[in-house]
Amino acid sequence: MFSYTLRRLAGAVPTVFVIIAIAFFMIRLAPGGPFDQERSVPAEIQANLERAYHLDEPLTTQFLRYLGNILTGDFGPSFRYKDFTVTELLADGFPVSLKLGLAAMVIALIVGFAAGAYAALRRNSAFDAATMTLAMTGIAVPNFVVAPLLTLTLGVWLALLPVGGWGSFDQAILPVVALAMPEIAYIARLTRGSMLEVLRADFVRTARAKGLSERAMVLRHALQAAALPVLSFLGPTTAAVITGSVVIEQIFGIPGIGRHFVQGALNRDYTLVMGVVIFYAVVIIAFNLLVDLLYPLFDPRVRHD
Amino acid sequence: MIEALAAPPRSPWRDAGVRLLRNRAAIVSCVVLAMIAAACALVPSFAQWPLDAVDWSAIQAPPSAEHWFGTDGNGRDLFVRIFYGGRISLTLGLAATLVAVIIGVAWGATAGYAGGAVDGLMMRAVDVLYALPFMFFVILLMVFFGRDMVLMFIALGAVSWLDMARIVRGQTLTLKRREFVRAAHAMGARPTAVVVRHIVPNLLGPVAVFATLTVPRVILFESLLSFLGLGVQEPMTSWGVLISEGASAMESAPWMLLFPAVFLATTLFALNFIGDGLRDALDPRDH
């Protein structure tokens, strides 16, 4: 288990390196620079600015300097938010994105798993059909459509909930629901599919044959087995959801880290964009690893040595 | 019994066709999608209002006999703009999917057929690419290198072929061991000919299913980029652009949000149903 973790972590290093390299050179080779939008400054000042941020050095030197810095945990100053370092901006935004994302994932997991499992148990019933149609809607309709529609109906027309902002419980409801809906849909479909397969499995037949009640069979045997594909789905999805949805944060004006990405790129805020990309990649890798480590707890056939 | 055996054998494709025709959701979806596609192809040519015509007497006007879906903040007819936008969204979806299918099939079939070190190397490359946060890279690409349609469609196609390559490789590995492929070898067919003539045609089923499910994903991604202001630019429009404009004007002009949202959702819905239907038809095992 320990050596497995070490091996996986070692395997993640080249991946992170490739991501950093692609992002770094793509950003730097693109036209435009971080100081373009400011009032035109005399050439000397421009040169001084660039020297201060080491932008005048050859690209490879800058890249090596950047790699050296992030190894010591220094992601550099933001080019746009002058008095902040990238680390500070991420530390400010991440708790917001994390709370929003975790709330959405918890709801998605409970609702999606329950609905999917129940639909499988009552196969071909009205509940099954309704759940699967709703799930298809959740998958087909993107959240940049769902979020404005929710805002329009519940926020504007019925005036039940605030349409934006962040801080109070009321303000969190719409973004959490909009964020959770597609995940509910995916989890429900996944659970239903795997539950149907599990219900045909030999161990379920054995459980029934030894006289276990349907209820005990489902609770003690089937649900655990049906949860496996959901578990693998949860890793990358949770990582993506807690690192901030660009769309949801923009629509509801939420101060998470999702908005830093697009705004940062538009502002040519090199260091901030790099920081977000690296952060995102590391969270994804960490969650995938976490899921793989948890897997043996749910499925005794899987062992890491 | 004897009559039944004497009946001409039905090909698996025919069986699949019969199963698909029995799937009401998929058939309805096909009809709806065909109607939307036809409208996108025809309406812009025959419409009373050109894409950019401004009706000064109807700025941000609600739906009326004159403007069926109302007008936007510049007095442009939404009915016409939605179908212009649909052209872009559907064309991009199909074109990028085609790119993804070509790259994915070529890559996956080569890796699966070659096997050994070549396979290991090619699939390792796919694994590394898989770990990249692609949405971020496409956004960066669009921000830094201009909001160019060709670039966007290449980017969308380039990020969608990975799953295709994996599916095709898996299928190729099983096909490779089948008797008819061995027979082709025994008769002296060159490897390229075996892949092109015998492997690829037998991959069509899973490829068709996956392609149908890729089109809505690409349309969604294009709309997302356009929604963020990074995709299709004025004066052209797409469903994502229209939804974004509608979302910012929804309090005063809800029709600007509702109509494009309904069209995008219906199209994605239909494509997903068709994809599911195809999968069930081609692969009769339960899902």
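Residues numbered from 1 in each chain as written. Chains lettered and ligands numbered in written order. Predicted model: local features only at pLDDT ≥ 70, side-chain atom pairs only at ≥ 80, totals over all residues. Heavy atoms only, no water.

Draft legend 1. Here's a closer look at the overall build of chain A. Counting its regular elements, chain A contains 12 helices and zero strands. Its helices and strands taken in sequence order, chain A reads α-α-α-α-α-α-α-α-α-α-α-α from the N to the C terminus. Taking the principal axes of its C-alpha atoms as reference, chain A extends roughly 85 × 60 × 30 Å. Counting over 305 residues, chain A shows a buried share of 48%. Within chain A, counting contacts between residues at least 6 apart in sequence, those at least 24 apart form 75% of the total. When the accessible surface of chain A is summed, it comes to about 14,800 Å², and 65% of that surface belongs to carbon and sulfur atoms. (Helix = DSSP H or I, 4+ residues; strand = E, 2+ residues; numbered from the N terminus. Buried < 20%, exposed > 50% of the residue type's maximum accessible area, 1.4 Å probe, protein only. Contact = heavy atoms within 4.5 Å. Areas by Shrake-Rupley, 256 points an atom, 1.4 Å probe, with all protein chains shown as cover.)

Draft legend 2. The domain arrangement of chain A, seen in detail. Residue and element names in this part refer to chain A. Domain assignment breaks chain A into domain 1 (2–71) and domain 2 (89–298). Taken over C-alpha atoms, the centre of domain 1 sits 33 Å from the centre of domain 2. Counting residues at the interface gives 21 residues for domain 1 and 16 residues for domain 2. Between domain 1 and domain 2, the buried area comes to about 1,600 Å², and carbon and sulfur atoms account for 73% of it. In terms of surface lost to domain 2, no three residues of domain 1 exceed Arg 8, Ile 27 and Tyr 66, which account for 29% of the buried area on that side. Summed over the shared surface of domain 1 and domain 2, the number is one salt bridge. Here Arg 8 ties to Asp 292 by a salt bridge, and the two come within 2.5 Å at their closest N and O atoms. The interface formed by domain 1 and domain 2 includes one residue pair in polar contact (both at pLDDT 80 or more). Listed by contribution, the elements that provide at least two residues to the side of domain 1 that touches domain 2 are α1 (2–29) and α3 (59–71). With 13 residues, α1 is the largest single contributor of residues to the side of domain 1 that touches domain 2. (Domains from an automatic or database assignment. Buried area = accessible area lost by both parts, 1.4 Å probe. Salt bridge = Lys/Arg side-chain N within 4 Å of Asp/Glu carboxyl O. Polar contact = N/O pair within 3.5 Å; in protein donor to acceptor, adjacent residues only side chain to side chain.)

Draft legend 3. Helix α4 (residues 86–121) of chain A, seen in detail. The terminal C-alpha atoms of α4 of chain A, which comprises 36 residues, lie 50 Å apart, in line with the 52 Å expected from a rise of 1.5 Å per residue. The sharpest bend along α4 of chain A reaches about 30 degrees and sits at Gly 93 of chain A, with the proline Pro 95 of chain A one to four residues further on. (Expected span 1.5 Å × (residues − 1). Bend = angle between axes of the 7 residues up to and from the residue.)

Draft legend 4. Main features of the interface of chain A and chain B. Contact with chain A, which involves 43 residues of that partner, is made by 38 residues of chain B. Surface buried jointly by chain A and chain B totals about 3,600 Å² across both partners, of which 83% is contributed by carbon and sulfur atoms. If you sort the residues of chain A by the area they bury against chain B, Met 26, Met 136 and Phe 144 of chain A come out on top, with a joint share of 17%. In this structure, the connection of chain A to chain B is made through one salt bridge. Its salt-bridge partner being Asp 276 of chain B, residue Arg 189 of chain A comes within 3.1 Å of it at the nearest N-O pair. Linking chain A to chain B there are one residue pair in polar contact (both at pLDDT 80 or more). At the level of elements, α1, α5 (126–140), α6 (143–157), α7 (169–199), α10 (246–252), α11 (258–266) and α12 (270–298) of chain A are the ones that each hand at least two residues to the side of chain A that touches chain B.

Draft legend 5. Representation of the packing of helix α4 (residues 78–114) of chain B against helix α7 (residues 149–176) of chain B. Residue and element names in this part refer to chain B. One can describe the packing of α4 onto α7 by two numbers: an axis separation of 5 Å at closest approach and a directional angle of 35 degrees. Crossing geometry of α4 relative to α7 is assigned as right-handed. A per-class count over the contact of α4 with α7 returns 22 nonpolar, six polar and two charged. (Axes fitted to C-alpha atoms, helices over the stretch in contact; angles between N-to-C directions. Left-handed = near helix turned anticlockwise from the far one by under 90°. Nonpolar A, V, L, I, M, F, W, Y, C, P; charged D, E, K, R; others polar.)

Draft legend 6. How the structure looks around the packing of aromatic side chains. Residues and elements named next belong to chain A. Scanning all chains against the criterion turns up 14 aromatic pairs over all chains. Between Phe 24 and Phe 25 the ring centres are 5.4 Å apart and the planes differ by 80 degrees, which places this aromatic pair in the edge-to-face class. Taken together, a centroid distance of 5.9 Å and an interplanar angle of 35 degrees make the contact between Phe 24 and Tyr 66 tilted. Taken as a pair, Phe 24 in helix α1 and Tyr 66 in helix α3 lie far apart in primary sequence, 42 residues in all. Accessibility assignment for this pair places Phe 24 and Tyr 66 in one class, buried. Here the aromatic residues Phe 17, Phe 24, Phe 25, Phe 63 and Tyr 66 are joined through ring pairs into a cluster of three or more. (Phe/Tyr/Trp six-rings, centres within 6.5 Å; stacked < 30°, edge-to-face > 60°.)

Draft legend 7. Inspection of empty space enclosed by the protein at higher detail. What the rule picks out here adds up to one cavity of 30 Å³ or more. Size it by volume and the largest cavity reaches roughly 40 Å³. Every residue along the wall of the largest cavity is listed here: Thr 243, Gly 244, Val 246, Ile 257, Gly 258, Val 276, Phe 279 and Tyr 280 of chain A together with Phe 136 of chain B. Tallying contributions element by element places α12 of chain A first for the lining of the largest cavity, with three residues. Of the residues contributing to the lining of the largest cavity, the split by class is six nonpolar, three polar and no charged. (1 Å grid on protein atoms, 1.4 Å probe; cavity = no way out; pocket = protein on both sides within 12 Å on 5 of 7 lines; lining within 4 Å. Points joined across faces, edges and corners; volume = space filled by probe spheres on them.)

Draft legend 8. Representation of the state of the cysteines. All names here are of chain B. Inspection of every chain in the model, using the stated rule, returns zero disulfides over all chains. Note on Cys 40: no disulfide assigned, nearest cysteine sulfur contributed by Cys 30 at a separation of 16 Å. Accessibility expressed as a relative area gives 3% for Cys 40, which makes it buried. (Disulfide = S-S within 2.5 Å.)

Draft legend 9. Here's a closer look at the nonpolar core. Core analysis: the largest hydrophobic core is formed by 124 residues, its most contacted members being Ile 20 and Phe 261 of chain A together with Leu 140 of chain B. Structurally, this core is a two-domain feature, drawing no fewer than three residues from each of domain 1 (2–71) and domain 2 (89–298) of chain A. For Leu 140 of chain B, the contacting residues outside a window of four places in its chain are Met 26, Ile 27, Phe 261, Ala 265 and Val 273 of chain A together with Phe 145 of chain B. Counting residues in hydrophobic clusters, the runner-up holds 16 residues, among them Val 101, Met 164, Val 168 and Val 207 of chain B. (Core = buried A, V, L, I, M, F, W, Y, C linked by side-chain atoms within 4.5 Å.)

Draft legend 10. Fine view of helix α9 (residues 214–242) of chain A. Of all the bends in α9 of chain A, the greatest measures close to 45 degrees and is centred on Ala 222 of chain A. Backbone geometry just after α9 of chain A places Gly 244 of chain A at a positive phi near 95 degrees.

Draft legend 11. Structural detail: a nonpolar patch on the surface. Residue and element names in this part refer to chain A. Taken together, the side chains of Val 106, Ile 107, Leu 109, Ile 110 and Val 111 define a hydrophobic patch exposed on the protein surface, amounting to about 400 Å² of accessible area. When you line up the elements, Ile 110 lands in helix α4. Here Ile 110 falls in the exposed class, since its relative accessible area comes to 57%. (Patch = residues over 30% accessible without salt bridge, like charges linked within 9 Å, V, L, I, M, F, W, Y side chains within 5 Å.)

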